[in-house]
Amino acid sequence: DDHSTPKRRQSMASKYAATYQIPPAFPQILKDFAREVLRNQPPNIYEYGAHYFTQLLEQQQQEGEQLRQVLESLFQQADVDGNGFLDHKEFYALLKSAQLGLSEVQIRLLMSEADEDANGRISYAEFVPAALDLIASVHANLDRYGRMEDAREYVHGLHRDEFLALIHSKFVEADAAQQGQVPRAAARQVLDDGELGLTRHEVNLLMAEMDDNGDGLISYKEFVGHVYPLLVDLHASRMLGLPNNEEEVRAVLMQAFQMYDPKQEGVISPQQLQKALQGADIGLPSVHIHTLMGIVPFDAPEIHYAQFAAHISAPVMAIIAGDPLNGDPAEMVAGMDRPTMQENLASLFSSRDPEGSGLLPWHEFRDAVCALPLSEPQQNMLLSLGAANAAEPADPAAGEEEQEMEVIYLGVVRRGFDVLASSSRLGIAVDAPV
(Lines give C-alpha, C1' and ligand atoms only; values in the text may rest on other atoms or scores of the structure.)
Protein backbone atom coordinates (compact mmCIF):
# COMPACT_ATOMS: atom_id res chain seq x y z
CA ASP A 1 0.00 0.00 0.00
CA ASP A 2 1.56 3.29 -1.10
CA HIS A 3 -0.13 5.03 1.85
CA SER A 4 1.45 2.80 4.48
CA THR A 5 2.32 4.61 7.65
CA PRO A 6 5.99 5.31 8.40
CA LYS A 7 5.68 2.96 11.39
CA ARG A 8 4.65 0.08 9.15
CA ARG A 9 7.44 0.80 6.71
CA GLN A 10 9.93 0.97 9.52
CA SER A 11 8.88 -2.44 10.77
CA MET A 12 9.40 -3.84 7.27
CA ALA A 13 12.87 -2.31 7.09
CA SER A 14 13.78 -3.54 10.57
CA LYS A 15 13.16 -7.10 9.48
CA TYR A 16 16.25 -6.80 7.33
CA ALA A 17 18.29 -4.72 9.74
CA ALA A 18 22.00 -5.44 10.00
CA THR A 19 22.88 -8.72 11.72
CA TYR A 20 26.03 -9.15 13.78
CA GLN A 21 28.12 -12.26 13.34
CA ILE A 22 30.09 -13.89 16.15
CA PRO A 23 33.80 -13.15 15.48
CA PRO A 24 35.66 -16.32 14.45
CA ALA A 25 38.08 -15.93 17.40
CA PHE A 26 35.31 -15.60 20.00
CA PRO A 27 34.87 -19.36 20.72
CA GLN A 28 38.59 -19.65 21.51
CA ILE A 29 38.39 -16.60 23.81
CA LEU A 30 35.55 -18.25 25.73
CA LYS A 31 37.50 -21.51 25.98
CA ASP A 32 40.48 -19.66 27.41
CA PHE A 33 38.23 -17.87 29.90
CA ALA A 34 36.55 -21.11 30.96
CA ARG A 35 39.95 -22.74 31.50
CA GLU A 36 41.05 -19.88 33.78
CA VAL A 37 37.78 -20.04 35.72
CA LEU A 38 38.24 -23.77 36.37
CA ARG A 39 41.85 -23.21 37.34
CA ASN A 40 41.25 -20.31 39.75
CA GLN A 41 37.75 -21.16 41.07
CA PRO A 42 36.86 -17.48 41.76
CA PRO A 43 34.21 -16.88 44.47
CA ASN A 44 32.51 -14.22 42.31
CA ILE A 45 32.60 -15.18 38.64
CA TYR A 46 31.11 -11.86 37.51
CA GLU A 47 33.82 -9.77 39.15
CA TYR A 48 36.46 -12.21 37.94
CA GLY A 49 35.11 -12.05 34.39
CA ALA A 50 35.07 -8.25 34.37
CA HIS A 51 38.68 -8.15 35.60
CA TYR A 52 39.80 -10.89 33.16
CA PHE A 53 38.35 -9.29 30.05
CA THR A 54 39.53 -5.81 31.09
CA GLN A 55 43.09 -7.12 31.34
CA LEU A 56 42.70 -8.97 28.03
CA LEU A 57 41.52 -5.78 26.32
CA GLU A 58 44.40 -3.76 27.78
CA GLN A 59 46.86 -6.41 26.61
CA GLN A 60 45.44 -6.38 23.07
CA GLN A 61 45.53 -2.58 22.97
CA GLN A 62 49.15 -2.59 24.13
CA GLU A 63 50.12 -5.15 21.52
CA GLY A 64 48.30 -3.13 18.86
CA GLU A 65 50.14 0.03 19.84
CA GLN A 66 53.47 -1.78 19.73
CA LEU A 67 52.68 -3.16 16.29
CA ARG A 68 51.64 0.31 15.09
CA GLN A 69 54.96 1.76 16.27
CA VAL A 70 56.89 -1.04 14.55
CA LEU A 71 55.05 -0.55 11.25
CA GLU A 72 55.39 3.22 11.30
CA SER A 73 59.09 2.93 12.13
CA LEU A 74 59.68 0.50 9.26
CA PHE A 75 57.74 2.68 6.82
CA GLN A 76 59.58 5.83 7.85
CA GLN A 77 62.92 4.10 7.36
CA ALA A 78 61.88 3.04 3.86
CA ASP A 79 60.55 6.51 3.04
CA VAL A 80 63.89 8.00 2.05
CA ASP A 81 62.55 11.38 0.89
CA GLY A 82 60.16 11.64 3.86
CA ASN A 83 57.05 12.49 1.83
CA GLY A 84 54.80 9.98 3.61
CA PHE A 85 54.33 7.76 0.55
CA LEU A 86 55.73 4.50 -0.78
CA ASP A 87 55.13 2.83 -4.11
CA HIS A 88 53.76 -0.71 -4.37
CA LYS A 89 57.15 -2.37 -4.78
CA GLU A 90 58.50 -0.61 -1.69
CA PHE A 91 55.38 -1.49 0.27
CA TYR A 92 55.48 -5.13 -0.72
CA ALA A 93 59.21 -5.49 0.06
CA LEU A 94 58.64 -3.87 3.44
CA LEU A 95 55.79 -6.17 4.42
CA LYS A 96 57.84 -9.20 3.30
CA SER A 97 60.79 -8.18 5.48
CA ALA A 98 58.76 -7.07 8.51
CA GLN A 99 58.49 -10.62 9.97
CA LEU A 100 54.81 -10.22 10.84
CA GLY A 101 54.16 -13.95 10.58
CA LEU A 102 52.07 -13.54 7.43
CA SER A 103 51.93 -15.82 4.40
CA GLU A 104 52.25 -14.63 0.82
CA VAL A 105 48.46 -14.65 0.43
CA GLN A 106 48.02 -12.72 3.66
CA ILE A 107 50.53 -10.08 2.56
CA ARG A 108 48.54 -9.68 -0.65
CA LEU A 109 45.42 -9.31 1.44
CA LEU A 110 47.13 -6.53 3.36
CA MET A 111 48.08 -4.88 0.08
CA SER A 112 44.43 -4.91 -0.90
CA GLU A 113 43.76 -2.47 1.96
CA ALA A 114 46.05 0.11 0.39
CA ASP A 115 44.36 2.79 -1.73
CA GLU A 116 46.86 4.42 -4.08
CA ASP A 117 46.81 8.02 -5.23
CA ALA A 118 46.82 9.29 -8.82
CA ASN A 119 50.59 8.67 -8.99
CA GLY A 120 50.36 5.06 -7.88
CA ARG A 121 51.68 5.83 -4.38
CA ILE A 122 50.35 4.67 -1.01
CA SER A 123 50.11 6.85 2.10
CA TYR A 124 51.29 4.74 5.02
CA ALA A 125 49.61 7.07 7.53
CA GLU A 126 46.25 6.01 6.03
CA PHE A 127 47.29 2.39 5.57
CA VAL A 128 48.57 1.59 9.08
CA PRO A 129 45.22 1.73 10.98
CA ALA A 130 43.52 -0.60 8.48
CA ALA A 131 46.56 -2.88 8.47
CA LEU A 132 46.48 -3.21 12.27
CA ASP A 133 42.90 -4.45 12.25
CA LEU A 134 43.61 -6.90 9.45
CA ILE A 135 46.81 -8.27 11.02
CA ALA A 136 45.00 -8.81 14.33
CA SER A 137 42.21 -10.65 12.52
CA VAL A 138 44.67 -12.82 10.58
CA HIS A 139 46.59 -13.76 13.71
CA ALA A 140 43.39 -14.58 15.57
CA ASN A 141 42.40 -17.04 12.81
CA LEU A 142 45.79 -18.20 11.57
CA ASP A 143 45.11 -21.95 11.57
CA ARG A 144 41.71 -21.67 9.90
CA TYR A 145 43.02 -19.07 7.44
CA GLY A 146 45.98 -21.13 6.30
CA ARG A 147 43.90 -24.20 5.46
CA MET A 148 41.37 -22.45 3.26
CA GLU A 149 41.20 -23.40 -0.39
CA ASP A 150 38.99 -22.13 -3.13
CA ALA A 151 38.89 -23.88 -6.48
CA ARG A 152 36.09 -21.75 -7.84
CA GLU A 153 35.51 -21.60 -11.58
CA TYR A 154 33.39 -18.46 -11.27
CA VAL A 155 34.16 -14.97 -10.03
CA HIS A 156 31.46 -12.32 -9.85
CA GLY A 157 28.97 -14.64 -11.47
CA LEU A 158 31.13 -15.05 -14.58
CA HIS A 159 32.94 -18.21 -15.63
CA ARG A 160 36.72 -18.00 -15.57
CA ASP A 161 36.97 -17.81 -19.36
CA GLU A 162 34.17 -15.23 -19.57
CA PHE A 163 35.79 -13.05 -16.94
CA LEU A 164 39.26 -13.18 -18.51
CA ALA A 165 37.84 -12.46 -21.98
CA LEU A 166 35.94 -9.48 -20.59
CA ILE A 167 38.87 -7.96 -18.72
CA HIS A 168 41.11 -8.46 -21.76
CA SER A 169 38.57 -6.73 -23.99
CA LYS A 170 38.39 -3.79 -21.56
CA PHE A 171 42.18 -3.39 -21.72
CA VAL A 172 42.10 -3.57 -25.52
CA GLU A 173 39.50 -0.77 -25.56
CA ALA A 174 41.76 1.33 -23.34
CA ASP A 175 44.79 0.66 -25.56
CA ALA A 176 44.10 3.17 -28.35
CA ALA A 177 47.53 2.63 -29.92
CA GLN A 178 47.11 -1.18 -29.79
CA GLN A 179 50.60 -1.62 -28.36
CA GLY A 180 49.68 -4.14 -25.68
CA GLN A 181 50.27 -1.69 -22.85
CA VAL A 182 48.42 1.13 -21.14
CA PRO A 183 49.33 3.84 -18.61
CA ARG A 184 48.83 2.91 -14.98
CA ALA A 185 45.97 5.41 -14.60
CA ALA A 186 44.17 3.81 -17.57
CA ALA A 187 44.66 0.36 -16.04
CA ARG A 188 43.00 1.62 -12.85
CA GLN A 189 40.03 2.86 -14.88
CA VAL A 190 39.70 -0.58 -16.50
CA LEU A 191 39.63 -2.33 -13.13
CA ASP A 192 37.18 0.22 -11.72
CA ASP A 193 34.81 -0.37 -14.63
CA GLY A 194 31.45 -1.58 -13.38
CA GLU A 195 31.28 -4.28 -16.04
CA LEU A 196 33.90 -6.28 -14.12
CA GLY A 197 32.26 -5.80 -10.73
CA LEU A 198 35.56 -5.78 -8.84
CA THR A 199 35.45 -4.62 -5.23
CA ARG A 200 37.79 -1.97 -3.83
CA HIS A 201 39.98 -4.65 -2.22
CA GLU A 202 40.28 -6.56 -5.49
CA VAL A 203 41.19 -3.45 -7.46
CA ASN A 204 43.85 -2.52 -4.92
CA LEU A 205 45.32 -6.03 -4.98
CA LEU A 206 45.48 -6.14 -8.77
CA MET A 207 47.00 -2.66 -8.96
CA ALA A 208 49.67 -3.76 -6.48
CA GLU A 209 50.50 -6.72 -8.74
CA MET A 210 50.97 -4.60 -11.85
CA ASP A 211 54.57 -4.06 -12.90
CA ASP A 212 55.19 -0.93 -14.94
CA ASN A 213 58.96 -1.53 -15.31
CA GLY A 214 59.56 2.04 -14.24
CA ASP A 215 58.08 3.57 -17.39
CA GLY A 216 54.53 3.99 -16.06
CA LEU A 217 53.12 1.57 -18.67
CA ILE A 218 51.41 -1.74 -17.89
CA SER A 219 51.80 -4.72 -20.23
CA TYR A 220 48.28 -6.07 -19.85
CA LYS A 221 48.67 -9.17 -22.02
CA GLU A 222 51.01 -10.68 -19.46
CA PHE A 223 49.08 -9.28 -16.50
CA VAL A 224 45.66 -10.68 -17.50
CA GLY A 225 47.05 -14.22 -17.26
CA HIS A 226 47.75 -13.70 -13.54
CA VAL A 227 44.43 -12.09 -12.64
CA TYR A 228 42.29 -15.14 -11.98
CA PRO A 229 44.51 -17.02 -9.49
CA LEU A 230 45.09 -13.76 -7.62
CA LEU A 231 41.36 -13.21 -7.23
CA VAL A 232 40.79 -16.83 -6.18
CA ASP A 233 43.48 -16.48 -3.50
CA LEU A 234 41.88 -13.30 -2.23
CA HIS A 235 38.41 -14.84 -2.04
CA ALA A 236 39.80 -17.95 -0.36
CA SER A 237 40.88 -15.77 2.57
CA ARG A 238 37.21 -15.19 3.49
CA MET A 239 38.37 -11.87 4.90
CA LEU A 240 37.18 -9.49 2.21
CA GLY A 241 34.31 -8.30 4.36
CA LEU A 242 31.75 -9.73 1.92
CA PRO A 243 28.46 -11.26 3.11
CA ASN A 244 28.60 -14.94 4.04
CA ASN A 245 24.90 -15.78 3.77
CA GLU A 246 21.62 -14.46 2.40
CA GLU A 247 20.70 -12.67 5.62
CA GLU A 248 23.96 -10.73 5.53
CA VAL A 249 23.35 -9.94 1.85
CA ARG A 250 19.95 -8.47 2.73
CA ALA A 251 21.52 -6.40 5.52
CA VAL A 252 24.19 -4.97 3.19
CA LEU A 253 21.65 -4.22 0.48
CA MET A 254 19.32 -2.53 2.95
CA GLN A 255 22.14 -0.28 4.13
CA ALA A 256 22.94 0.63 0.52
CA PHE A 257 19.29 1.39 -0.28
CA GLN A 258 18.72 3.38 2.89
CA MET A 259 21.44 5.81 1.87
CA TYR A 260 18.99 7.03 -0.78
CA ASP A 261 16.12 7.11 1.70
CA PRO A 262 17.02 9.78 4.32
CA LYS A 263 13.48 9.82 5.72
CA GLN A 264 13.51 6.02 6.06
CA GLU A 265 10.16 5.64 4.29
CA GLY A 266 11.08 2.28 2.78
CA VAL A 267 10.83 3.39 -0.86
CA ILE A 268 13.24 4.82 -3.45
CA SER A 269 13.12 5.20 -7.22
CA PRO A 270 14.30 2.43 -9.58
CA GLN A 271 17.21 4.66 -10.67
CA GLN A 272 18.28 5.02 -7.04
CA LEU A 273 17.89 1.27 -6.58
CA GLN A 274 20.25 0.70 -9.50
CA LYS A 275 22.81 3.23 -8.22
CA ALA A 276 22.72 1.65 -4.76
CA LEU A 277 23.52 -1.78 -6.23
CA GLN A 278 26.40 -0.29 -8.17
CA GLY A 279 27.80 1.39 -5.06
CA ALA A 280 27.33 -1.51 -2.63
CA ASP A 281 30.88 -2.82 -3.34
CA ILE A 282 29.94 -6.49 -2.99
CA GLY A 283 31.21 -7.66 -6.38
CA LEU A 284 28.22 -7.31 -8.69
CA PRO A 285 29.11 -6.83 -12.38
CA SER A 286 26.85 -4.40 -14.21
CA VAL A 287 25.44 -7.15 -16.44
CA HIS A 288 23.99 -8.89 -13.39
CA ILE A 289 22.77 -5.65 -11.84
CA HIS A 290 20.66 -4.86 -14.91
CA THR A 291 19.37 -8.43 -14.99
CA LEU A 292 18.33 -8.21 -11.34
CA MET A 293 16.59 -4.90 -12.09
CA GLY A 294 14.27 -6.81 -14.41
CA ILE A 295 11.98 -7.71 -11.51
CA VAL A 296 10.99 -4.08 -10.85
CA PRO A 297 8.98 -1.81 -13.19
CA PHE A 298 11.66 0.67 -14.19
CA ASP A 299 9.22 3.48 -14.89
CA ALA A 300 7.57 3.18 -11.46
CA PRO A 301 7.92 6.30 -9.27
CA GLU A 302 9.08 4.29 -6.25
CA ILE A 303 9.97 0.74 -5.19
CA HIS A 304 9.67 -0.92 -1.76
CA TYR A 305 13.31 -1.86 -1.44
CA ALA A 306 13.00 -4.32 1.47
CA GLN A 307 10.97 -6.63 -0.77
CA PHE A 308 13.50 -6.20 -3.58
CA ALA A 309 16.42 -6.99 -1.23
CA ALA A 310 14.69 -10.15 -0.02
CA HIS A 311 13.95 -11.24 -3.60
CA ILE A 312 17.49 -10.91 -4.93
CA SER A 313 19.47 -12.03 -1.87
CA ALA A 314 19.77 -15.65 -3.09
CA PRO A 315 21.22 -14.92 -6.55
CA VAL A 316 23.47 -12.19 -5.13
CA MET A 317 24.86 -14.62 -2.53
CA ALA A 318 25.47 -17.16 -5.29
CA ILE A 319 27.46 -14.55 -7.21
CA ILE A 320 29.55 -13.67 -4.15
CA ALA A 321 30.19 -17.33 -3.28
CA GLY A 322 31.43 -18.16 -6.79
CA ASP A 323 28.67 -20.70 -7.35
CA PRO A 324 28.11 -21.85 -10.95
CA LEU A 325 24.61 -20.32 -10.90
CA ASN A 326 22.24 -21.96 -13.38
CA GLY A 327 24.64 -22.90 -16.15
CA ASP A 328 25.96 -20.98 -19.10
CA PRO A 329 24.21 -17.89 -20.48
CA ALA A 330 21.49 -18.50 -23.07
CA GLU A 331 22.61 -18.59 -26.69
CA MET A 332 19.23 -17.35 -27.91
CA VAL A 333 17.02 -14.61 -26.47
CA ALA A 334 13.50 -14.05 -27.80
CA GLY A 335 14.38 -16.16 -30.81
CA MET A 336 17.49 -14.08 -31.62
CA ASP A 337 21.19 -14.85 -31.32
CA ARG A 338 23.67 -12.14 -30.33
CA PRO A 339 24.43 -10.73 -33.84
CA THR A 340 20.74 -10.67 -34.77
CA MET A 341 19.71 -8.90 -31.58
CA GLN A 342 22.53 -6.36 -31.89
CA GLU A 343 21.53 -5.65 -35.48
CA ASN A 344 17.85 -5.26 -34.54
CA LEU A 345 18.61 -2.98 -31.60
CA ALA A 346 20.96 -0.82 -33.67
CA SER A 347 18.37 -0.50 -36.45
CA LEU A 348 15.56 0.30 -34.01
CA PHE A 349 17.44 3.01 -32.11
CA SER A 350 19.06 4.61 -35.16
CA SER A 351 15.65 4.88 -36.88
CA ARG A 352 14.63 7.21 -34.05
CA ASP A 353 17.85 9.17 -34.36
CA PRO A 354 17.73 10.79 -37.83
CA GLU A 355 20.66 13.10 -37.03
CA GLY A 356 22.90 10.16 -36.13
CA SER A 357 23.90 11.69 -32.81
CA GLY A 358 24.03 8.36 -31.02
CA LEU A 359 21.66 9.77 -28.41
CA LEU A 360 17.98 9.24 -27.73
CA PRO A 361 15.84 11.22 -25.27
CA TRP A 362 14.61 8.94 -22.50
CA HIS A 363 11.01 8.89 -23.71
CA GLU A 364 12.13 7.88 -27.21
CA PHE A 365 14.42 5.19 -25.85
CA ARG A 366 11.71 3.87 -23.53
CA ASP A 367 9.14 3.74 -26.32
CA ALA A 368 11.60 1.92 -28.57
CA VAL A 369 12.36 -0.69 -25.90
CA CYS A 370 8.66 -1.19 -25.13
CA ALA A 371 8.03 -1.83 -28.84
CA LEU A 372 10.37 -4.84 -28.81
CA PRO A 373 8.85 -8.34 -28.69
CA LEU A 374 10.14 -8.89 -25.16
CA SER A 375 8.50 -9.63 -21.83
CA GLU A 376 8.10 -6.88 -19.26
CA PRO A 377 11.06 -8.08 -17.13
CA GLN A 378 13.27 -8.15 -20.23
CA GLN A 379 12.19 -4.62 -21.13
CA ASN A 380 12.99 -3.50 -17.58
CA MET A 381 16.48 -4.96 -17.95
CA LEU A 382 17.12 -2.93 -21.10
CA LEU A 383 15.67 0.21 -19.52
CA SER A 384 18.06 -0.25 -16.59
CA LEU A 385 20.95 -0.69 -19.02
CA GLY A 386 19.87 2.44 -20.88
CA ALA A 387 19.75 4.51 -17.69
CA ALA A 388 23.30 3.36 -16.89
CA ASN A 389 24.40 4.58 -20.34
CA ALA A 390 22.95 8.07 -19.91
CA ALA A 391 24.94 10.98 -21.31
CA GLU A 392 26.16 13.78 -19.07
CA PRO A 393 23.42 16.43 -18.75
CA ALA A 394 23.73 19.35 -21.15
CA ASP A 395 23.27 21.77 -18.24
CA PRO A 396 24.78 20.26 -15.07
CA ALA A 397 23.45 23.18 -13.03
CA ALA A 398 19.82 22.39 -13.91
CA GLY A 399 17.87 19.93 -11.76
CA GLU A 400 17.08 16.43 -12.99
CA GLU A 401 13.41 17.28 -13.26
CA GLU A 402 14.21 20.22 -15.58
CA GLN A 403 15.92 18.23 -18.32
CA GLU A 404 15.24 14.84 -19.83
CA MET A 405 17.89 12.16 -19.67
CA GLU A 406 19.53 11.16 -22.97
CA VAL A 407 20.73 7.61 -23.58
CA ILE A 408 23.90 6.66 -25.45
CA TYR A 409 22.22 3.71 -27.12
CA LEU A 410 25.38 2.09 -28.51
CA GLY A 411 26.04 0.77 -24.99
CA VAL A 412 22.63 -0.94 -25.02
CA VAL A 413 23.31 -2.41 -28.46
CA ARG A 414 26.65 -3.76 -27.29
CA ARG A 415 25.57 -5.29 -23.96
CA GLY A 416 21.81 -5.78 -24.28
CA PHE A 417 22.04 -9.42 -25.34
CA ASP A 418 24.38 -10.27 -22.42
CA VAL A 419 22.01 -8.70 -19.88
CA LEU A 420 19.00 -10.60 -21.22
CA ALA A 421 20.93 -13.87 -21.57
CA SER A 422 22.01 -13.61 -17.93
CA SER A 423 18.45 -13.90 -16.63
CA SER A 424 18.37 -17.72 -16.87
CA ARG A 425 21.62 -17.95 -14.88
CA LEU A 426 20.28 -15.80 -12.05
CA GLY A 427 16.87 -17.46 -11.98
CA ILE A 428 15.03 -14.29 -12.99
CA ALA A 429 11.67 -15.17 -14.58
CA VAL A 430 11.16 -13.44 -17.93
CA ASP A 431 7.81 -14.89 -18.94
CA ALA A 432 5.65 -12.18 -17.41
CA PRO A 433 3.22 -10.65 -19.93
CA VAL A 434 4.12 -7.27 -21.39
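Residues numbered from 1 in each chain as written. Predicted model: local features only at pLDDT ≥ 70, side-chain atom pairs only at ≥ 80, totals over all residues. Heavy atoms only, no water.

Draft legend 1. Examining the overall build of the protein chain more closely. When its secondary structure is counted, the protein chain shows 20 helices and 10 strands. Here the protein chain holds 434 residues, and the buried ones make up 45% of them. Of all intrachain contacts in the protein chain linking residues separated by at least 6 positions in sequence, the fraction that spans at least 24 positions is 72%. Here the protein chain displays about 22,300 Å² of accessible surface, and carbon together with sulfur accounts for 51% of that area. (Helix = DSSP H or I, 4+ residues; strand = E, 2+ residues; numbered from the N terminus. Buried < 20%, exposed > 50% of the residue type's maximum accessible area, 1.4 Å probe, protein only. Contact = heavy atoms within 4.5 Å. Areas by Shrake-Rupley, 256 points an atom, 1.4 Å probe, with all protein chains shown as cover.)

Draft legend 2. Seen up close, the packing of helix α8 (residues 160–174) against helix α11 (residues 220–236). Close contact between α8 and α11 brings their axes to 10 Å; oriented N to C, the two are set at 145°. In this structure, α8 crosses over α11, and the sense of that crossing is right-handed. Of the residues in α11, those touching α8 at Arg-160, Phe-163, Leu-164, Ile-167, His-168, Phe-171 and Val-172 are Tyr-220, Phe-223, Val-224, Val-227, Tyr-228 and Leu-231. (Axes fitted to C-alpha atoms, helices over the stretch in contact; angles between N-to-C directions. Left-handed = near helix turned anticlockwise from the far one by under 90°.)

Draft legend 3. Seen up close, helix α19 (residues 410–421). Along α19, 10 of the 12 residues are buried, which leaves the element largely enclosed by surrounding structure. What α19 keeps buried is the set Gly-411, Val-412, Val-413, Arg-415, Gly-416, Phe-417, Asp-418, Val-419, Leu-420 and Ala-421.

Draft legend 4. Broad picture of the pattern of salt bridges. In this structure the tally under the stated criterion is 15 salt bridges. The residue Arg-160 makes a salt bridge to Asp-161 at a minimum N-O spacing of 3.4 Å. Across the pair Arg-425 and Glu-162 runs a salt bridge, and its minimum N-O distance is 2.9 Å. With Arg-425 in helix α20 (residues 423–426) and Glu-162 in helix α8, this pair connects stretches of sequence that are 263 residues apart. Linked by salt bridges that have partners in common, Lys-170, Glu-173, Asp-193, Glu-195, Arg-338, Arg-414, Arg-415 and Asp-418 make up one network. (Salt bridge = Lys/Arg side-chain N within 4 Å of Asp/Glu carboxyl O.)

Draft legend 5. Molecular detail of the confidence of the model for the protein chain. Per-residue pLDDT for the protein chain has a mean of 80; in total, 79% of the residues score no lower than 70. Per-element averaging of pLDDT across the protein chain places helix α1 (residues 6–15) at the bottom with 37 and strand β7 (residues 267–268) at the top with 96. Taken together, the stretch residues 1–20 has pLDDT below 50 and engages in 29 contacts with residues farther than four places along the chain or on a different chain. Confidence drops under pLDDT 50 across residues 142–148; counting only partners more than four residues distant or on other chains, this segment forms 12 contacts. (pLDDT = per-residue confidence, 0-100.)

Draft legend 6. Main features of the packing of aromatic side chains. Counted by the stated rule, this structure contains nine aromatic pairs. Taking the centre distance of 6.2 Å and the plane angle of 80° together, the rings of Phe-171 and Phe-223 count as edge-to-face. Of this pair, Phe-171 sits in helix α8 while Phe-223 sits in helix α11, placing them 52 residues apart in sequence. For the pair Phe-171 and Phe-223, one class covers both residues: buried. When the ring centre of Tyr-228 is taken as reference, the NZ or CZ atom of Arg-160 above it lies at 5.5 Å. (Phe/Tyr/Trp six-rings, centres within 6.5 Å; stacked < 30°, edge-to-face > 60°. Lys NZ or Arg CZ within 6 Å of the ring centre and 35° of its normal.)

Draft legend 7. A look at the packing of helix α18 (residues 376–388) against α19. Interaxial distance between α18 and α19 falls to 10 Å at its minimum, and their mutual angle equals 140°. Looking at the two axes, α18 sits oblique to α19. In the crossing of α18 with α19, the sense of the turn from one axis to the other is right-handed. Contacts from Gln-378, Met-381, Leu-382, Leu-385 and Gly-386 in α18 reach Gly-411, Val-412, Arg-415, Gly-416, Val-419 and Leu-420 in α19. Looking at the contact of α18 with α19 residue by residue, the classes come out as six nonpolar, four polar and one charged. (Parallel < 35°, antiparallel > 145°, perpendicular 65-115°, else oblique. Nonpolar A, V, L, I, M, F, W, Y, C, P; charged D, E, K, R; others polar.)

Draft legend 8. Spatial organisation of the side chain of His-288. Mapped onto the secondary structure, His-288 falls in helix α14 (residues 286–292). At a separation of 3.1 Å, a polar atom in the side chain of His-288 contacts the main-chain carbonyl oxygen of Gly-157. If near-sequence neighbours (up to four positions away) are discounted, His-288 is found in contact with His-156, Gly-157, Leu-158, Ile-319, Ser-422 and Leu-426. (Polar contact = N/O pair within 3.5 Å; in protein donor to acceptor, adjacent residues only side chain to side chain.)

Draft legend 9. Up close: the environment of Tyr-228. One can find Tyr-228 in helix α11. When neighbours within four sequence positions are excluded, Tyr-228 is seen to be in contact with Arg-152, Glu-153, Tyr-154, Val-155, Arg-160 and Leu-164.

Draft legend 10. Focus on unusual backbone geometry. Residues other than glycine seldom take positive phi values, yet Gln-264 does so here, at roughly 50°. Its location among the elements puts Gln-264 in the loop between α12 (246–258) and β7. Residue Gln-264 is classed as partly exposed on the basis of its relative accessible area of 29%.

Draft legend 11. Inspection of the nonpolar core at higher detail. Counting 90 residues, the largest nonpolar core has Phe-171, Phe-257 and Phe-349 as the members making the most contacts within it. Sorting elements by how many residues they give to this core places helix α15 (residues 305–321) first, with 10 residues. The residues contacting Phe-349, other than those within four sequence positions of it, are Leu-360, Phe-365, Ala-368, Val-369, Tyr-409, Val-412 and Val-413. One finds Leu-67, Phe-91, Met-111 and Leu-132 within the second-largest nonpolar core, a separate group that totals 16 residues. (Core = buried A, V, L, I, M, F, W, Y, C linked by side-chain atoms within 4.5 Å.)

Draft legend 12. View of helix α17 (residues 362–370). Restricting attention to buried positions, one finds in α17 the residues Trp-362, Phe-365, Ala-368 and Val-369. Around the axis of α17, the buried residues are gathered within 130° of arc, so they sit on the same side. Turning to α17, the residues buried within the fold contact α16 (338–351), β9 (359–361), α18, β10 (406–408) and α19. (Arc of directions from axis to C-beta.)

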